[in-house]
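Tertiary structure, described
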Amino acid sequence: MLSLRNVIGIFIYVNIVSWLLLLVIYLLSSFGLTPVPFFGVGSDFYLKGLLLNLFILSVFFYYNSRLEKLKEIDFIELLTSLFITGLVTNTIALIVYAAMELSSNYLEAHHQERWLNLLYHINIGLLVIFLSKAFFYWKKLIMHQKTQRLQRLWTVYEYLLLISLLFNFFELDFNQPLFLLVLGGLILLALNLSFNFKWVVYLNAKEKWQSILLLSFITLFAIFFFQTVIRHSNHPYLTTNLNHSVYIIAIFAFVIFYTIFSMLVMVFNLPTTSVFEKKLEEIISFQKLSQSLQAGEQEAQVYEILLDSAVNTASADAAWLEITNENNEQVAFLHKGVDKEEISKLKRIIKRHNTRRIIDATFARNQEHDPLMEDLNEYGFKSMLTQKLVAHDHQLGNLTLLKNVKDGFDDDKKVLIKTFVRQASISIENFRLLAKTIEAERYKEEIKIARTVQKSLLPLPEELTVSKKMEIAAFSDSAQDVGGDYYDIYPIDNNRVMVIVGDVSGKGTNAAFNMAQMKGVFHSLAQFGLRTERFLYYANNALTNCLDRASFITVTILLIDDSAQKIEFARAGHCPTLYYHHQTKEVKYYQGKGMGLGILRNKLFSDHIEMQTLNYEEGDMLLLYTDGIIEAMNKEKEEYGYERLQDLVLANAHLSPDEINDKIITDLNHFSRGMPVHDDHTALLIKFKEGQADAQTDKRDPTQG
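The next point concerns helix α5 (residues 148–163). In this model α5 runs 23 Å from its N-terminal to its C-terminal C-alpha over 16 residues, within 8% of the 22 Å that 1.5 Å per residue would give. Listed in full, the buried residues belonging to α5 are Leu 150, Leu 153, Trp 154, Tyr 157, Glu 158 and Leu 161. An end-on view of α5 places all buried positions within 135° of arc, on one side of the element. Exposed residues lying more than 90 degrees from the buried face of α5 are Arg 149, Arg 152, Tyr 159 and Ile 163.

Right, dumping it as structure tokens:
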């Protein structure tokens, strides 16, 4: 397989041979030795046209091959190289022109004609070399940051230009409509292409002045060569008339158009160049400063800005952005120019081919004969750029850009995309750190408020002394900083007291605020002295409008009448009530049917309530508690349970309520042996000091030992 270097060498040999053959044909003709007729025509005109085209094509493809090797572009070096070529070719052309003028005074007519044609053919070679190099160098500038549309337009222009070489076989001129039509079309395409100057913005003020100077000389060189073509019409003895070549005239027009337009663009941009450079320095400084600051009000905005900036800057045809959290779970996925189904297929192709993906943070795939790009080409993509989002040595996501053109991502684009990604990564990381800080501060503030609220919701110890006939003690402890357990007492009149113990579903601040709602409902309804089943019915209606669907409250409500030494109680899904009968030294659990408040939110709730009544006597005790006590677990995963609580109360019944509560707390801690508390636990104990009647229930006596 031929290497690019060998191909270039072949074109050089063809250049030399075709030009020498063109010169030989002329010399043979001038000595009357006409070559073999070509295509049956007794003239050497077609053979000259063939050799001229062969020479033009060999120069054309020589510079095209050289251009393929030119991967990195230094705009000033490129212009300087073209200037040097123009200077050398014009210097030689001027020497040839001077020789032609001097020889016309000293040579005989037939010798003069041969000598002038020989010199003129040297000028043809120089002209074609200069124009071809300028043509391809301007192509390189025009195709900087190319788009698919621009590439297609250039391809059409090149093919039409090569097709126009056919006119070198005919003596057509500006008087023929076909000649004017083809030439006009090529000139219009050249004008269209000549308005692409994206490379100019990368030049600073000094480089623009250098470029203007170089372009001025290149313009003069092109004009000088163009004059040599026009001057041919004044010398009919010159055998090769380039005035009939659509290719030469069209390429002249293109080179001069783009050279002059480039100079004008730079001249108009000079006044703003210094301002632009200053702003650029400010942007870079801001970028360095903003590395430690949060960008954007929301993290999602950073994702959108990154994707839009990358796509617009690189002129990408498709792109997607994946964002992950600390657990490498996808939290965001944005895409442009391609749907999710196609992205899935492309990702499978990339994963199958690309082993560097897990090693390098940045890489671009532009190469020909790349297996990965050959597979992606089936979806219309010819170049790819991938950039990882990384902050503090952990990956935040991945950005992938795709273009429909080959070599779509140059070094400038890769640096810019990397800068965007780095800034976005810092912004995302800062946002997450800031969000965590805000969340922590908000949580602390919520806890502080909730503690204050919860403390104000529970009655003070002195507020529990509401009757000389009852001794009441209570304690409450939360699994978290705040909890949802609730107890309260409300004296209705001189003889009646209402007592409640409740447990709000959930934990933390949400449970604490639901607990506050329960207190408001309790104090609102307790003052009416309702029977316990009606109290629960109205409480359920009130809380239905307060609690969210996922929340509920279990309660036990007591209505104690001192005058009758009678207890009326009902429960709404709460733990069974523990009762100690002093006379029989017996401890029982009283449990009636009931459903938590907020679970059933209609009139049918009353069907799930059962009210019980109980007469008490001196020395009896009643314990209300929450499930955090009986469900507490030890290291063996055993629960504290109803039986252990029952035995503890029976063993310590002779003590005061405060002392019994202390025993419960001590025994509970000993049982758990350092295990974390998983639920709030509360207990309220009432001991009756005097009584008249035996303890009995008016309804069925559902007990549980």
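Bringing the pattern of salt bridges into the picture now. Oppositely charged side chains may form a pair once their charged atoms are brought near each other. For the coordinates displayed, the defined rule picks out ten salt bridges. With a closest N to O distance of 2.7 Å, Glu 322 and Lys 347 form a salt bridge. Highlighted residues: Glu 322 in strand β1 (residues 318–324) and Lys 347 in helix α10 (residues 340–353), separated in sequence by 25 residues. A relative accessible area of 13% places Glu 322 in the buried class. Taking the relative accessible area as the measure of exposure, Lys 347 reaches 30% and is therefore partly exposed.

Centre-to-centre distance and the angle between the planes together describe a pair of aromatic rings. Under the counting rule described, the total for this entry stands at 34 aromatic pairs. The interplanar angle of 40° and the centroid separation of 5.6 Å between the aromatic rings of Phe 75 and Trp 199 together place this pair among those described as tilted. Here Phe 75, found in helix α3 (residues 75–103), pairs with Trp 199, found in the loop between α6 (177–193) and α7 (205–231); they are 124 residues apart in sequence, far enough to count as distant. Between Trp 154 and Tyr 157 the ring centres are 5.7 Å apart and the planes differ by 55°, which places this aromatic pair in the tilted class. Separated by three residues within a single helix, Trp 154 and Tyr 157 lie in helix α5, roughly one turn from each other. Comparing Trp 154 with Tyr 157, the two get one shared label, buried. An aromatic cluster is built from Phe 60, Phe 61, Phe 135, Phe 136, Trp 138, Trp 154, Tyr 157, Phe 197, Phe 254 and Tyr 258, whose rings are joined through pairwise contacts.

Here helix α9 (residues 299–314) crosses helix α12 (residues 411–457) at 180°, and the two axes come no closer than 10 Å. In terms of their interaxial angle, α9 and α12 are classed as roughly antiparallel. Between α9 and α12, the contacting residues are Glu 299, Val 302, Tyr 303, Leu 306, Ser 309, Ala 310, Thr 313 and Ala 314 on the first element and Lys 413, Leu 416, Ile 417, Phe 420, Val 421, Ala 424, Ser 427, Ile 428, Phe 431 and Arg 432 on the second. Broken down by class, the residue content of the contact of α9 with α12 amounts to twelve nonpolar, three polar and three charged.

Here we come to a nonpolar patch on the surface. On the surface, Val 156, Tyr 159, Leu 160, Ile 163 and Leu 166 cluster together to form a nonpolar patch covering roughly 500 Å² of accessible area. Relative to the helices and strands, Val 156 resides in helix α5.

What follows concerns the sheet that holds strand β9 (residues 553–561). Here five strands make up an open sheet; going across it, the order is β7-β8-β9-β10-β13 and the pairing antiparallel. This sheet does not close on itself; its edge strands, each paired only once, are β7 (485–491) and β13 (611–615). On average, each strand axis in the sheet is tilted by 15° relative to the strand beside it, whichever way the strands run. As judged from the five bridges shared by strand β10 (residues 566–572) and β13, these two strands associate in the antiparallel manner. Its bridge partner being in β13, Ala 570 is matched across the sheet by Met 611.

Once that is clear, we can look at the pairing of strand β2 (residues 330–336). Bridge count for β1 against β2 is six bridges, and the pairing is antiparallel. Within β2, the residue paired with Trp 320 across the bridge is His 335. Hairpin connection, β1 to β2: the antiparallel pair is bridged by five residues, and Asn 328 has positive phi, about 60°.

Below, the discussion takes up unusual backbone geometry. Backbone geometry follows two general trends: most residues other than glycine have a negative phi, and most peptide bonds adopt the trans configuration. A positive phi is found at Gln 145, a non-glycine position, where the angle reads about 60°. Checked against the element boundaries, Gln 145 lands in the loop between α4 (109–142) and α5. At Asn 328, a residue that is not glycine, the phi angle is positive and equals roughly 60°. We classify Asn 328 as exposed; its relative accessible area is 61%.

The subject of this paragraph is the environment of Asp 410. Tracing the backbone shows Asp 410 in the loop between β5 (394–403) and α12. For the pair Asp 410 and His 144, spaced 266 residues apart in the sequence, the C-alpha separation amounts to 8.8 Å. When near neighbours in sequence (up to four residues on either side) are disregarded, Asp 410 contacts His 144 and Gln 145.

Cut-off values and rules
- For every chain, the first residue of the written sequence is number 1, and numbering continues from 1 along that sequence.
- For this predicted model, a pLDDT threshold of at least 70 governs which residues receive local features, and a threshold of 80 or more governs which side-chain atom pairs are given and counted, while totals over whole chains, interfaces and linings are taken from all residues.
- Hydrogens and water are ignored here; the side-chain numbers use all heavy atoms of the structure.
- Counting from the N terminus, the helices are DSSP H or I runs at least four residues long and the strands are E runs at least two residues long.
- A helix is expected to span 1.5 Å for every residue after the first.
- For the exposure calls, accessible area comes from a 1.4 Å probe over protein chains only, and a residue counts as buried if that area is under 20% of its type's maximum, exposed if over 50%, partly exposed in between.
- Directions drawn from the helix axis to the C-beta atoms are what define this arc.
- When a carboxyl oxygen of Asp or Glu is within 4 Å of a side-chain nitrogen of Lys or Arg, the pair counts as a salt bridge.
- Here a pair means two rings of Phe, Tyr or Trp (six-membered ring of Trp) with centres within 6.5 Å. Their orientation is stacked below 30 degrees between planes, edge-to-face above 60, and tilted elsewhere.
- Orientation is described by axes fitted as lines to C-alpha atoms, over the contacting stretch for helices, and by angles from 0 to 180 degrees between their N-to-C directions.
- Just so you know how the angles are binned, under 35 degrees is roughly parallel, over 145 roughly antiparallel, 65 to 115 roughly perpendicular, and the rest oblique.
- Residues count as neighbours in contact if any of their non-hydrogen atoms are within 4.5 Å of one another.
- Classification convention: Asp, Glu, Lys, Arg as charged; Ala, Val, Leu, Ile, Met, Phe, Trp, Tyr, Cys, Pro as nonpolar; all other residues, Gly among them, as polar.
- Put simply, a patch holds well-exposed residues, over 30% relative accessible area, that have no salt bridge, with like charges counted together within 9 Å and Val, Leu, Ile, Met, Phe, Trp or Tyr side chains within 5 Å.
- Reported accessibility uses the Shrake-Rupley method at a 1.4 Å probe radius. Residues are deemed covered only where the shown protein chains occlude them.
- Two strands qualify as a pair provided DSSP detects at least 2 bridges between them.

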